[in-house]
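Examining the three-dimensional arrangement
Here is how the chains run, residue by residue.
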Amino acid sequence: MTTPDWAEPVIRRRLGVITAAVAVLALVTWRIGPAPDLPAFAYLAVAGVVLTFIDVALKRLPDPLTLPSYAVGLALLGLAALFTDEGGARLTHALLGMAALFALYAVQWFIAPSQIGLGDVKLAGVLGLYLGWLGLRAWVAGVCAGYVLAAVYATALLVSRRANLKSEMPYGPFMLAGVLAAVLGHA
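Summary of the structure given here. (Residues numbered from 1 in each chain as written. Predicted model: local features only at pLDDT ≥ 70, side-chain atom pairs only at ≥ 80, totals over all residues. Heavy atoms only, no water.)

1. Focus: helix α2 (residues 14-32)
Here α2 spans 26 Å end to end across 19 residues, near enough to the 27 Å set by a 1.5 Å rise per residue. Inspection of α2 places V17, A21, V24, V28 and I32 among the buried residues, and these make up the whole buried set. All buried residues of α2 fall inside an arc of 75° around its axis, so they share one side. Turned more than 90 degrees from where α2 packs its buried face, L15, I18, V22 and W30 sit exposed. In this fold, the buried residues of α2 make contact with α1 (8-12), α3 (38-58) and α8 (172-186). Looking at the residues trailing α2, positive phi occurs at G33, about 75°. (Helix = DSSP H or I, 4+ residues; strand = E, 2+ residues; numbered from the N terminus. Expected span 1.5 Å × (residues − 1). Buried < 20%, exposed > 50% of the residue type's maximum accessible area, 1.4 Å probe, protein only. Arc of directions from axis to C-beta. Contact = heavy atoms within 4.5 Å.)

Dropping the structure here:
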């Protein structure tokens, strides 16, 4: 069985991936604690680190990692809803958050397809699911944090002349960092 090309950055930097995954997982575990939704957020923490390394190296978010994350997230949050106060409402908010963030990114892709990738659109739905579970304030905070972090980074690249207006940069890591910020601030 051959290794997919998108796995190469993870394999090549496995110590960094493992270290980052453990750090993010520790932060998420510390913030959420022993709660029914911890397995779902633990999955997102590890998958998010892997996707970040891949996107930084290849400027793409592979479907074999993003698409199954919908099913995994829905299953784990659905299970958590059974053991969470107002779990049904939280799951409904998660589904609305998923649809809303997917739609927001899909519209951006439709308007300016050269400025955002389809991988970002697909990832947006997954992230919206988790942000929606945390509530509207967390959803807004996570989305805005991703935009702000990307803007600060892009501005720093432009000012330092390490990039120009036509340069490409991976956006997935900023989306994921925004969600991490929201989880740490609103879980």
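2. Brief notes about the pattern of salt bridges
Close approach of charged atoms lets side chains of opposite charge pair. Counted according to the given criterion, the structure contains three salt bridges. Taking the shortest distance from any N to any O, the salt bridge between R60 and D5 comes out at 3.0 Å. Here the residue R60 occupies a position in the loop between α3 and α4 (63-82), and D5 occupies one in the segment before α1, the gap between them amounting to 55 residues. A salt bridge links R12 to E8; its shortest N-O distance comes to 2.4 Å. One end of the pair is R12 and the other is E8, both in helix α1 and four residues apart, which spans about a single turn. (Salt bridge = Lys/Arg side-chain N within 4 Å of Asp/Glu carboxyl O.)

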